[in-house]
Amino acid sequence: MMRPILRNQEFRVYIITKGDILRFIVVEIIIGTVTYSLAMKIFHNVILASAGGWAGTEGIKRLGVLRGLIGK
């Protein structure tokens, strides 16, 4: 059985800037570590602290608190 040939092939180029990398480092690594540490002190449980760190980082990203600090 032969596969149909795709006629609409796309070539995509993704540009990653220095600002994108810096934003990732600040939000995901630094803020994630801080929220995990805070959750660990509150819950004293690795699983709950991991969930708390994830929720804290996602909450901060969704609220847009860091937009003024790191741009974009």
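Quick note: structure is the one above.
What counts and what doesn't
- Residues numbered from 1 in each chain as written.
- Predicted model: local features only at pLDDT ≥ 70, side-chain atom pairs only at ≥ 80, totals over all residues.
- Heavy atoms only, no water.
- Helix = DSSP H or I, 4+ residues; strand = E, 2+ residues; numbered from the N terminus.
- Expected span 1.5 Å × (residues − 1).
- Buried < 20%, exposed > 50% of the residue type's maximum accessible area, 1.4 Å probe, protein only.
- Arc of directions from axis to C-beta.
- Polar contact = N/O pair within 3.5 Å; in protein donor to acceptor, adjacent residues only side chain to side chain.

**Student:** Any chance you could explain unusual backbone geometry here in plain terms?
**Tutor:** Note: most residues except glycine have negative phi, and most peptide bonds are trans. The phi dihedral of histidine 44 falls on the positive side, at around 55 degrees, and the residue is not glycine. Along the chain, histidine 44 turns up in the loop between helix H1 (18–43) and helix H2 (46–63).

**Student:** So what exactly am I meant to see when it comes to H2 here?
**Tutor:** Every α-helix carries 3.6 residues per turn, so stepping three or four residues along brings you back to the same face. In this model H2 runs 25 Å from its N-terminal to its C-terminal C-alpha over 18 residues, within 8% of the 26 Å that 1.5 Å per residue would give. Within H2 the residues assigned to the buried category are Ala49, Gly53, Thr57 and Glu58. The arc that holds the buried residues of H2, viewed along the axis, is 160 degrees, so those residues lie on one side. Facing away from the buried surface of H2 by more than 90 degrees, the exposed residues are Ile47, Arg62 and Leu63. Where H2 starts, the residue carrying a side-chain oxygen 2.9 Å from the main-chain nitrogen of isoleucine 47 turns out to be asparagine 45.

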